[in-house]
Amino acid sequence: MYDINKIRADFPILSREVYGKPLVYLDNAATTQKPLCVLDAMRDEYLNVNANVHRGVHYLSQQATDLHEAAREKVREFINARKIEEIVFTRGTTEAINLVASSFCESQMKEGDEVIVTEMEHHSNIVSWQLQAMKRGIKVKHIPITDDGMLCLDELESLISERTKIISVAHVSNVLGTVNPVDEIVRIAHQHGIPVLVDGAQSAPHFKVDVQAMDCDFFAFSGHKMYGPTGIGVLYGKEEWLEKLPPYQGGGEMIDKVTWEKTTFERLPFKFEAGTPDYIATHGLAKAIDYISALGFDAIQQHEQELTRYCMEQLQTIDGMTIYGPQNSMGLKDAVVSFNVGDIHHLDMGTLLDRLGIAVRTGHHCAQPLMDRLGISGTVRASFALYNTKAEVDVLVAGIRRVAQMF
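S.K.: Describe the overall build of the protein chain, listing the residues and the values that go with them.
M.R.: Across its full length, the protein chain holds 14 helices and 17 strands. For a compact globule of 407 residues, the expected C-alpha radius of gyration is about 22 Å, and the protein chain comes in at 22 Å, within 12% of that figure. Counting all 407 residues of the protein chain, 57% fall into the buried class. If you take every contact in the protein chain between residues at least 6 apart in sequence, the share linking residues at least 24 apart comes to 71%. Accessible surface, the protein chain: about 17,300 Å² in total, of which carbon and sulfur atoms supply 49%. Taken as two groups, the 39 positive and 54 negative side-chain charges of the protein chain have centres that lie 3 Å from each other.

S.K.: Outline the state of the cysteines, listing residues and values.
M.R.: The final tally for this structure, using the stated rule, is zero disulfides. Counting only cysteine sulfurs, Cys 105 is the nearest neighbor of Cys 216, a cysteine outside any disulfide, at a range of 18 Å. By relative accessible area, Cys 216 is classed as buried at 0%.

S.K.: Before we move on, can you summarise the pairing of strand 10 (residues 233-237) with the specific residues and values?
M.R.: The element strand 10 is largely enclosed, with a buried count of five among its five residues. Side chains of strand 10 alternate between two faces, with Gly 233, Leu 235 and Gly 237 and Val 234 and Tyr 236 buried alike. Both strand 4 (residues 87-90) and strand 10 contribute to a ladder of four bridges, which runs antiparallel. When the sheet's bridge partners are listed, Thr 90 is paired in strand 10 with Gly 233. Pairing of strand 9 (residues 218-222) with strand 10, which is carried by five bridges, proceeds in the antiparallel orientation. The residue of strand 10 that forms the bridge with Ser 222 is Gly 233.

S.K.: Now, about the pairing of strand 7 (residues 164-170): what can you tell me, with residues and values included?
M.R.: Counting buried positions along strand 7 gives six out of seven residues, so the element sits mostly inside the fold. With three bridges joining them, strand 5 (residues 114-118) and strand 7 adopt parallel strand pairing. Paired with Glu 114 across the two strands is Thr 164, which belongs to strand 7. In this region the chain leaves strand 7, passes through helix 7 (residues 182-191) and returns to the parallel neighbour strand 8 (residues 196-199); the handedness of that crossover is right-handed.

S.K.: Break down the sheet that holds strand 7 for me, citing the residues and quoting the values.
M.R.: The sheet built from seven strands is open, its strands ordered 4-10-9-8-7-5-6 with mixed pairing. In this open sheet, the two strands that pair with only one neighbour each are strand 4 and strand 6 (139-143). The average angle at which neighbouring strand axes cross in this sheet is 20°, direction not considered. Against the sheet, helix 5 (residues 127-136) touches strand 5, strand 6, strand 7 and strand 8, its axis set at about 150° to strand 6.

S.K.: Tell me about the layout of surface pockets, and name the residues and values.
M.R.: Taken as a whole, the largest pocket spans an internal volume of roughly 380 Å³. Along its surface, the largest pocket is lined by 23 residues, and Ala 29, His 122, Asn 174, Gln 202 and Lys 225 are the ones closest to its centre. Of the residues assigned to the lining of the largest pocket, the class counts are seven nonpolar, 11 polar and five charged. Space inside the second largest pocket adds up to approximately 260 Å³. Around the second largest pocket, the lining comprises 16 residues; the ones closest to its centre are Phe 89, Thr 90, Arg 91, Glu 95 and Ala 274. Mapped by element, the contributors of at least two residues to the lining of the second largest pocket are strand 4 and helix 4 (93-108). Among the residues forming the lining of the second largest pocket, the class breakdown is seven nonpolar, five polar and four charged.

S.K.: Give me the lowdown on the sheet that holds strand 16 (residues 361-363), citing residues and values where you can.
M.R.: Taken together, the four strands give an open sheet; going across it, the order is 13-14-17-16, and neighbouring strands pair in antiparallel fashion. The open sheet has two free edges, formed respectively by strand 13 (321-324) and strand 16, since each of these has just one partner strand. Averaged over neighbouring strand pairs, the angle between their axes works out to 30° when direction is ignored. As paired strands, strand 16 and strand 17 (residues 379-383) are joined by three bridges and run antiparallel to one another. Its bridge partner lying in strand 17, Thr 362 is registered against Val 380. Packing of helix 11 (residues 297-315) onto the sheet brings it into contact with strand 13 and strand 14 (336-341), and relative to strand 14 it is tilted by some 10°.

Procedures and definitions
Residues numbered from 1 in each chain as written. Predicted model: local features only at pLDDT ≥ 70, side-chain atom pairs only at ≥ 80, totals over all residues. Heavy atoms only, no water. Helix = DSSP H or I, 4+ residues; strand = E, 2+ residues; numbered from the N terminus. Rg over C-alpha atoms; globule rule 2.2 N^0.38 Å. Buried < 20%, exposed > 50% of the residue type's maximum accessible area, 1.4 Å probe, protein only. Contact = heavy atoms within 4.5 Å. Areas by Shrake-Rupley, 256 points an atom, 1.4 Å probe, with all protein chains shown as cover. Lys, Arg positive; Asp, Glu negative; His and termini not counted. Charge placed at Lys NZ, Arg CZ, Asp CG, Glu CD. Disulfide = S-S within 2.5 Å. Pairing = 2+ DSSP bridges. Right-handed = clockwise from strand over helix to strand, strands pointing away. Axes fitted to C-alpha atoms, helices over the stretch in contact; angles between N-to-C directions. 1 Å grid on protein atoms, 1.4 Å probe; cavity = no way out; pocket = protein on both sides within 12 Å on 5 of 7 lines; lining within 4 Å. Points joined across faces, edges and corners; volume = space filled by probe spheres on them. Nonpolar A, V, L, I, M, F, W, Y, C, P; charged D, E, K, R; others polar.

Spelled out as C-alpha cells, the structure:
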C-alpha cells in the first residue's frame with residue numbers, strides 16, 4: 001500500500017507553516033525535499049567517516065572510499081548501466097551536459113558540424129552547445145513542437161545531415177511535462193551513426209530509466225531533483241564514447257602520471273572526476289535511491305499520475321485557465337502542470353499564492369525559446385512529487401480561484 005501519511009512523515013519540512021498557513025510545496029521540478037534517511041546518512045558520515053576518498057591508506061579514507069564507490073554501484077543498478085566505469089559523478093545535470101558538449105565538440109566536431117536539440121529544452125541543453133558554437137563554429141538546430149507541446153518527430157529526418165554529429169534531447173520537458181519518445185529518437189539517430197545525449201533531470205525521479213534498453217549514448221540527471229542532496233549529479237556514458245572523449249577538467253584524481261613533458265590520465269570514470277568529489281553527497285544520493293526503490297517506481301508513478309490528472313481536471317474548471325502541454329493522454333505527460341489564468345501575470349499569481357502557503361514556480365523556467373514558441377513570457381508551474389496529495393491540489397485550486405477573484 002502507498003501510505004502517504006507515513007511517507008510525508010519522512011519529510012519534516014512538509015509540516016511547517018509559511019505566513020501562518022500550512023506549506024503546500026509544489027515546486028518539485030526545481031528541487032525536491034529530502035527524507036530523514038538521506039539527511040541522517042550524510043550527518044553520520046560527516047561525524048564518523050569524514051576523510052578524503054581514494055589514495056588514502058588510513059582507515060577513514062578507505063571507509064569513505066568504500067561508501068563513495070558503493071554509491072557509484074548503486075547508481076549503476078538504478079539506471080541499469082553495464083559497468084561502473086560508465087558512471088561519472090558531476091555536480092548535476094547542467095555540469096554533465098557541459099562536460100559532454102565541451103569534450104565531444106573538442107574531439108568529435110569541427111566548424112560547420114551540427115548538433116540537434118528540441119524546441120522545449122532547458123537552457124542547460126541550449127547554452128552549453130551555443131558556447132561551443134561561439135568557440136568552434138558549430139551549428140545548433142532544433143526539432144520543432146506542435147501547438148499542444150509534442151515533438152514534431154517526423155521532422156527529425158529532414159534536420160539530420162552529413163554534418164550532424166550528436167543529438168541532445170530532454171527526456172521530459174520541465175515546463176510542459178511532455179514525455180519525449182527518446183527510444184525512437186535514439187533508433188533514428190543510430191541509423192545515421194549519430195550518438196544521443198538524454199537530459200534525464202525530469203525523468204529519473206518519476207519513472208524507471210533503463211539506459212541499456214533506451215540505448216542512449218549519454219544520460220544525465222541530478223540528485224537534488226530525486227530527494228538527494230544538492231551539488232551531486234550523474235553522467236552515464238557508454239564506455240566506448242567515454243574512452244574517446246578528452247578530460248573536461250584537469251587536476252588531482254583524474255591523472256595517471258604527471259611530468260613536465262606530459263600527463264597521462266586515469267582510467268574511467270576517474271578521467272572525468274578532477275578534484276575532491278562530494279563524497280558525502282554521493283552517499284546521500286545512494287540513500288535517496290534506496291528510498292525511491294523501497295517505495296517502487298510503479299507505485300510512485302501511479303500516485304503522481306493520479307495527482308497530475310486530478311490537478312488538470314480541477315484547473316480546467318477555472319474561468320480563463322490555459323494549460324500548456326499534452327492534456328489528453330497522461331502517458332505522454334509527467335508530473336508537471338504549467339498554466340496561466342486570463343491576463344493575470346504569472347508573477348502576480350505566484351506571489352499571491354505564496355502568501356497562502358502555496359509554493360509554485362513562476363517565470364520562463366529556463367526555457368525562453370519555448371516561451372517564445374508559445375507566445376508568452378512565462379507560466380505558473382505546479383510540479384508533483386511522491387509526497388504530494390489531492391488535498392494539496394484542492395488548496396492550490398482554491399488559491400487560484402481566490403487570486404483570480406482579486407483581479
